[in-house]
Every structure is written in structure tokens, then in C-alpha cells.
Amino acid sequence: MAILPFLFLFLFLLLLHTPPSAFASNYLIGLGSYDITGPAADVNMMGYANAQQTASGVHFRLRARAFIVAEPKGNRLVYVNLDACMASQIVTIKLIERLKARYGDLYTEQNVAISGIHTHAGPGGYLQYVVYIVTSFGFVRESFDALVDGIEQSIVLAHQNLRPGSISVNSGELLDAGVNRSPSGYLNNPASERAKYKYNVDKEMTLIKFVDDEFGPIGSFNWFATHGTSMSRTNSLISGDNKGAAARFMEDWFDNRGLSSNTQFASSNSATIDRIPRRMSSLVDEVSDESAVLLEAASSFKSTQGRNLTGNLSVSKRVRKSQTGGGRPQFVAAFCQTNCGDVSPNVLGAFCTDTGQPCDFNHSTCNGKNELCYGRGPGYPDEFESTRIIGERQFKKATELFGKAREQLKGKVDYRHEFVDFSNLEVALGSEVVKTCPAAMGFAFAAGTTDGPGAFDFRQGDDQGNAFWRLVRNFLKAPGQEQVNCQKPKPILLDTGEMKQPYDWAPAILPVQIMRVGQLVILNVPGEFTTMAGRRLRDAVRAALTSGGSKEFNSNVHIVISGLTNTYSQYVTTFEEYEVQRYEGASTLYGPHTLSAYIQEFKKLATALVRGQAVDAGPQPPDLLDKQIELLPPVVLDSAPLGRNFGDMKTDVPANSTFRRGELVSVTFYSACPRNDLMTEGTFVLVELLEKKMWVSAYDDDDFCLRFKWSRPGRLSPESYATVEWRIPEGAGAGVYRISHFGAAKGLLGSIRHFSGSSSAFVVL
């Protein structure tokens, strides 16, 4: 009988570590993640087109997260999710060149997809078309290099991690993370079509779970529609917004909860994501009786003077590592974007800032002005809290789906890709043949959205325009009558597709790509589809996959749209939504038949996929890297005040300080421009915990609770400050802490000198 407890223990552990099906390996799977944060100062942020929104610190870091799926002796594909506003054609072109140099023809534009989560709080200047780099004052090489380097390294890690494993899929409704920000446009769709759906936005999250044969779960990717606009147009801290936050929460949750268990994921809604063992103090056992001991220990550690370093030591100090013990890869969780075109995370609705009343329904204005109409997130008026809440809602749904994922993907790995010239594409609509148009943006584009209003007297729902702005437009480029007729009823504000000086203002040739892993089909689109546009595309592809008696696909096929992928071409609405000319319709570049063109091309790719046929590659997009104009000035010189060193304290914690969970600790250092060293895979700041007379990293600038804020006393001043704010999490252990800062300063002759400094110690009870 003595053997029975051991037998039960063995069976229990087997249950915990074994994925929930019979598990022969279907595929080789590999995941990787790498830092793409980029320049945290001086660079305009991409998304809101607000020239005043310039980066000045870090909310939490941005990452590229990649998965590779391969048949053991067949096809393979790569999918990369970026904590960036969108993919970029020139980034994709140069990334593919690097992959070909490294791996030959193993990874090409055919089987590689790069998608952005659509955060509006990342560095801009990395797209190659003029209209997308106006507010960043041209191309920003630092942003571009950080992206290309980081994407490449995430793929390299995924490739190195390729091992036998399986993939499961699950889906479910998430009801409270997105609302339709253009409901009047949605209502212009046919009533019979709207009646087929319960909601005016897609509420379904689709998740895939990766399980290594030896290590068990190693990651998950999911697709859900909501904009990355929880952080506002005035925010200046680099942030992955709600999807980046969800990814950080889930990865930390798994490190704490999931490493030794595969059966408890479904109960994770009550998980406290900050309660991670490495952050708990072992200095004392009973805090209530030993607070005097903590204070005495803290009093021994005064702030250090800034000191020079031989290199960037922050990489070795960062909290999270790319590999865990025993060669196990770090768990990777990605929250991908889909058809989010008209979906806002500001779920409380849009209100006028002057009256507090709801905005005008049709035009999203307040007394005729769009500038006063703002959407409110669930944490209103705190955008950081709204980001946390919407991120946490996605995180909790993902962990639920992750724990209950039972349907295993089985079948081929395959893909089809083509380049299509959308500026003059013939589209068959029954017996009629129509055409797309050269790119153009309507007047309502300049009105912005309730997530980020525009300026002047523009308004959404404008299908007329006005004489003054037409006169301004004509100084740049007056559209011809053929273009005017083609784009109707859009009144053209910027005829970007026909503007070629100093080089192309907008893309014409776009990538269209379909990927398949068993019964999962990913439609990679280079733009933002609205809710109904996405539904029509999915339905059309489903019909193409299941028609003709194909036995490979049935009603169980899972079709997801991957938005903002491989390049960026703004929005795609339905024909009916285009007629209304709200922001999304005005930003549908290629005219009223843009969606029909996509449906035509994706049906062609889907049919070729089912039949095993090749497709023409199509015309190559231009490589405009050599034509880029860079106007952002470099860092010339950093200096500290006379008698001060880089890393010295400007504002320390008060002597004998004691803080409690939920309170804010704030310190300021004399610093230098963060552009001198991006601290890639490192950190600008640390919260360190005293453990057995040694300082141990507890939190870094990739933690949601820690903010790194950089500033200059004057616009042209060579001096600068780094303010670190730590909102003490509920899961922080009681103990002695300090805050440290890492930086790099530029000298007169261009030399870079690394430095660090630390605050006085303080107590957390």
C-alpha cells in the first residue's frame, strides 16, 4: 500500500504537465521575443499625427514576439507581432533581406508576416511614405533600426527554439473591451446584414496555445479587435497600450503561476499578476514586529554619487531573461490586432469636454467642433488606469481560453502571397467591372476620431469639403476630374496617391497574404478593416475554402484577420460606410470599392491554397530607403550642472522613508539623453530589493508599475533629468528598497560614457 501515494503523485504530476489531448507532435514550433522600444526621447510618436506628442520616457517596453510553425519535412511560416503602431513596408523589405542573407530561401516575403498591435505610444518615423512621417519631421533611423534589429532577433530566437510540439485553438467572447466609435457609419450597412450579428463590433477572441513536447506550454498568440488608444494623444511615455500591457501581464502571470501547472489556467481570473516570488523579501519574517529592523537596515544605504560604468550593465540587471532554467525558453504571449478599424477601447463613450454631454451622434462634434469630443476609457480620467483595465480584461480572457484550449490544430502548413497594385485594380462585381483609385484622403480624415480628435473646422461625416481647404490642398496637388469621380462621394483633401515629390506620399502596391496552420487560417491585411468589412472578408474566404467539395476545410475552420500587417495603407470600410464619410471612410485610400478588391484577391489566394496552385508574385513595391529625408537633429552634447555628476540625485526620497503598497515613490536623477543608448534588452531604471546584504533586481522599466520620465529644463539645454515613479504594487514584498538609474552621456567629441546612480534606501511595509 505504501506505493499508492507515490503512484497518485506520479499521475497527478503527469496530469499537470501533459497537455489536454493525446499529443503526438504535429509540428515543429518555436517562439521568440526581443526588445524594440527604440528612442525614448525627442522622437514623435506614431498614431495620432500630433506633432507635439514627442517621446520623453518609458511606461513599459515594446517587444517583437514571433512564432514559427513548421512541418517536420515540409513548409514553415513565421508570424511576428509588434508592439508598434503598424508594420512598415520598408521595415519588411529590409527584414526579408536580412533573413535571406542569414537563412537563404527558408524565410521570404511569401511565408513571413509582420503585424502591429496599433499602439499610438511608440516612436514614429519608420515608414517610407511621406504622409506617415510628416509629424516626425522625416525618417527616423533610430526607430527604423530598433524595429528591424528586434524583429530579426525575435525570429532568430524562434528559429533556435524550434522543437517538436503541438498547437491548440480556442475562442470566446470578451464583451467589455471595445465599442464602436463610428456607430452612424455602421448603421448605414444593410439592416438585414446587421441583423445577423448581436453586436456592432466583433467580441470574439481567438487564441492559439503552443505546447512543447518536453517543456509543456511555451506561449500563446491571440487576435481580438480593439484600438491601441487607451493612452491619449498627449501621452509622451513609450507604451504598448492595452495590448502590450495584456502581454506583459500574461507573461508575468505564467512565470508565477503556469510554469509548473497546465490544469489551473481557467481559474486565473483571480490571479494577482504582481505577486511574483522573486519580488518578495526574505529579510524578515514578520514585518509588523520588525519594522524597526527594516528602518535601521535602510538607514545604512544613502544615495550613491553618480558613477561611470565600463559599459551598459543594465542588460545583466534586467528582471526578465530570454531563457529560464534548464534551457526552457521564456514564455511568450502576444495580443494581436485584427479588424479594429471602428473599435475603441474607450468603452464609456464619447463626451464633450466643455459640457460633459454626449457628442453629436453623426459627426462626433460638440457645438460643431470636433476638438472637444473625446472618448472615455474605463479608468477615466486616468489613461494609465484605462490602459491597465482594458489590458487586464484581454489578459483574463486569454488565460481562460488558454486553460480550456482543447481543439488541436492538425493539417498542412501553407501560405499564399501576392503584391497587388491597388491604385488601378479592376474588380468584378457580378456582371459589372469597377476599379479602385489612386490613394486619396478625405476631409473627414483631418477631423480625427473620438480617440484622438483633429483640429480646425474639420468634422466627421463631411462629404462636401469646403472652399478654403480646397484652396490649401491645391497648393500641394489638385486632383484631376477622373480621380474626383473615382473617389466619390469622398471630397479629396490630400491626393496622396498622385503626389510624388520628393518621393511617394502613399503606397500603391500592397501585400496580400493568407497563412494556414491546420484548420487555422490567418488573413494578413495591410490596413485597418472596420467590423463589418472584416466580417464580409472572413465570410468570403470561408466560402472559398469550403466550396467545391473540399474536404480539408469544413465548418470548423477558424479564420482570423491579422490587421496592420506587412505594410500600412490606412482603413478599409464597407461600400455603405464609405458613403457616410466618417473618419474611417475618409481614410479608405483606394475608393469605395477597396473592400471588394480585397475580397476578390483573398478569394483568389484561398482558392489557390485549397487547390495547391501557385499565384503570380505581382509587382514589387518600391524600396525608398535611399530617398528618405531625416530632419531630426542628433544629440550634440549632454552636461550636468557644475559640481554634479550624471547619476547624482536631484530629488531623493526623504530620510527614514516608509511607504505602503499603493503609494507612489518618486525620485529624480541628473541624467542624459536616452537616445545615446536605447538600453535594448536592458533598462533605464530599477527598483532593487535588499536580499541578504545584496541588492537584487525587483522591478525594471518593463514593469507596468514603474515609469521613467525624462525631461530637459529648456528645449535646447544640454542638461536633463530622469524622474522615476514607482507605484508600489499590492504584490510587492515588505523590505528595504532603492531606485537606480542607468544612462549614457554624450561628450563634446561624440564619445559615449555610461553611468548609474542610486537613491537612498527606503522601507516598504
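Use the structure listed above.
Residues numbered from 1 in each chain as written. Predicted model: local features only at pLDDT ≥ 70, side-chain atom pairs only at ≥ 80, totals over all residues. Heavy atoms only, no water.

**A word on the overall build of the chain**
- A count of helices and strands for the chain gives 15 helices and 37 strands.
- Relative to the 2.2 N^0.38 estimate, which gives 27 Å for 765 residues, the radius of gyration of the chain is 26 Å and therefore close to what a compact globule would have.
- Counting only C-alpha atoms, the chain reaches 85 × 75 × 55 Å along its principal axes.
- Expressed as a percentage of the 765 residues in the chain, the buried residues total 61%.
- In the chain, of all internal contacts separated by at least 6 residues, the share reaching a separation of at least 24 is 79%.
- When the accessible surface of the chain is summed, it comes to about 28600 Å², and 53% of that surface belongs to carbon and sulfur atoms.
- In the chain, 76 positive and 79 negative side-chain charges are present, and the distance between their average locations comes to 2 Å. (Helix = DSSP H or I, 4+ residues; strand = E, 2+ residues; numbered from the N terminus. Rg over C-alpha atoms; globule rule 2.2 N^0.38 Å. Buried < 20%, exposed > 50% of the residue type's maximum accessible area, 1.4 Å probe, protein only. Contact = heavy atoms within 4.5 Å. Areas by Shrake-Rupley, 256 points an atom, 1.4 Å probe, with all protein chains shown as cover. Lys, Arg positive; Asp, Glu negative; His and termini not counted. Charge placed at Lys NZ, Arg CZ, Asp CG, Glu CD.)

**Examining the pairing of strand E6 (residues 112–116)**
- Most of E6 is tucked away: five of the five residues are buried.
- On E6, burial covers both faces: Val112, Ile114 and Gly116 on one face and Ala113 and Ser115 on the other are all buried.
- The sheet contact formed by strand E5 (residues 76–82) and E6 spans five bridges and is parallel. Each bridged residue has a counterpart across the sheet, and for Tyr79 the counterpart in E6 is Ala113.
- With helix H2 (residues 89–103) bridging E5 and the parallel E6, this β-α-β connection has right-handed handedness. (Pairing = 2+ DSSP bridges. Right-handed = clockwise from strand over helix to strand, strands pointing away.)

**A look at the packing of aromatic side chains**
- For the coordinates displayed, the defined rule picks out 36 aromatic pairs.
- Judged by centre distance (5.0 Å) and plane angle (75°), the ring pair of Phe468 and Trp469 falls under edge-to-face.
- Owing to a relative accessible area of 15%, Trp469 belongs among the buried residues under this scheme.
- Ring geometry for Trp726 versus Tyr737: centroids 5.2 Å apart, planes at 50°, classification tilted. Of the two residues, Trp726 is situated in strand E34 (residues 720–727) and Tyr737 in strand E35 (residues 735–746); the sequence distance between them amounts to eleven residues. In this structure, Trp726 and Tyr737 share a single accessibility class: buried.
- An aromatic cluster is defined as three or more aromatic residues linked by ring pairs; in this entry it consists of Phe60, Phe249, Trp253, Phe254, Phe331, Phe395, Phe402 and Phe704.
- Above the ring of Tyr380, the side-chain terminus of Arg376 is found at 4.3 Å from the ring centroid.
- It is Arg707 that lies over the ring of Phe384; its NZ or CZ is 3.6 Å from the centre. (Phe/Tyr/Trp six-rings, centres within 6.5 Å; stacked < 30°, edge-to-face > 60°. Lys NZ or Arg CZ within 6 Å of the ring centre and 35° of its normal.)

**Structural notes on the nonpolar core**
- Counting residues in hydrophobic clusters, the biggest one holds 133 residues, and the most contacted among them are Tyr126, Leu545 and Trp726.
- Looking at this core, the element that brings in the most residues is helix H15 (residues 594–611), giving nine residues.
- Ala113, Phe221, Leu409 and Ile522 belong to the second-largest nonpolar core, a separate cluster that totals 27 residues. (Core = buried A, V, L, I, M, F, W, Y, C linked by side-chain atoms within 4.5 Å.)

**Re the packing of helix H12 (residues 531–546) against H15**
- Where H12 meets H15, the axes come as close as 9 Å, and the angle between the chain directions of the two elements is 30°. Taken together, the axis directions place H12 and H15 in an arrangement best described as roughly parallel. The element H12 and its partner H15 pack so that their crossing is right-handed. Mapping the contact onto sequence places Ala533, Arg536, Leu537, Ala540, Val541, Ala544 and Leu545 in H12 and Leu595, Tyr598, Ile599, Phe602, Lys603, Ala606, Thr607, Leu609 and Val610 in H15.
- When the residues that make up the contact of H12 with H15 are grouped by side-chain class, the tally is 13 nonpolar, one polar and two charged. (Axes fitted to C-alpha atoms, helices over the stretch in contact; angles between N-to-C directions. Parallel < 35°, antiparallel > 145°, perpendicular 65-115°, else oblique. Left-handed = near helix turned anticlockwise from the far one by under 90°. Nonpolar A, V, L, I, M, F, W, Y, C, P; charged D, E, K, R; others polar.)

**Side note on the layout of surface pockets**
- Volume-wise, the largest pocket comes out at about 1100 Å³.
- Along the wall of the largest pocket there are 43 residues; nearest its centre are Tyr48, Ala49, Thr135, Phe445 and Ala446.
- Contributions of two or more residues to the lining of the largest pocket are made by strand E2 (41–46), helix H10 (467–476) and strand E22 (492–494).
- Broken down by element, the residue count for the lining of the largest pocket peaks at four residues, all from H10.
- Within this model, the second largest pocket holds a volume of roughly 790 Å³.
- Contributing to the lining of the second largest pocket are 29 residues, with Asp42, Pro633, Arg712, Arg715 and Leu716 lying nearest its centre.
- Contributions of two or more residues to the lining of the second largest pocket are made by E2, strand E3 (54–58) and strand E33 (706–711).
- Here the lining of the second largest pocket is built from residues that sort into 15 nonpolar, eight polar and six charged. (1 Å grid on protein atoms, 1.4 Å probe; cavity = no way out; pocket = protein on both sides within 12 Å on 5 of 7 lines; lining within 4 Å. Points joined across faces, edges and corners; volume = space filled by probe spheres on them.)

**Description of the state of the cysteines**
- If you walk through the whole model with that rule in mind, you get three disulfides.
- Two residues share a disulfide in this structure: Cys359 and Cys373, whose sulfurs sit 2.2 Å from each other. Sign of the S-S torsion, about 115° for the bond between Cys359 and Cys373, identifies this disulfide as right-handed. Within this pair, whereas Cys359 is found in the loop between strand E15 (349–352) and strand E16 (373–376), its partner Cys373 is found in strand E16, the two being separated by 14 residues in sequence.
- Its relative accessible area of 13% is what places Cys359 among the buried residues. (Disulfide = S-S within 2.5 Å.)

**Examining the sheet that holds strand E30 (residues 664–671)**
- The strand order across the open sheet built from seven strands is E7-E2-E3-E33-E34-E30-E28, with neighbouring strands paired in antiparallel fashion. Both outer strands of the open sheet, strand E7 (122–123) and strand E28 (649–651), are each paired with one neighbouring strand and no more.
- Here E30 runs beside E34; their pairing, made up of eight bridges, is antiparallel. Counted as the bridge partner of Ser671 is Ser720 from E34.

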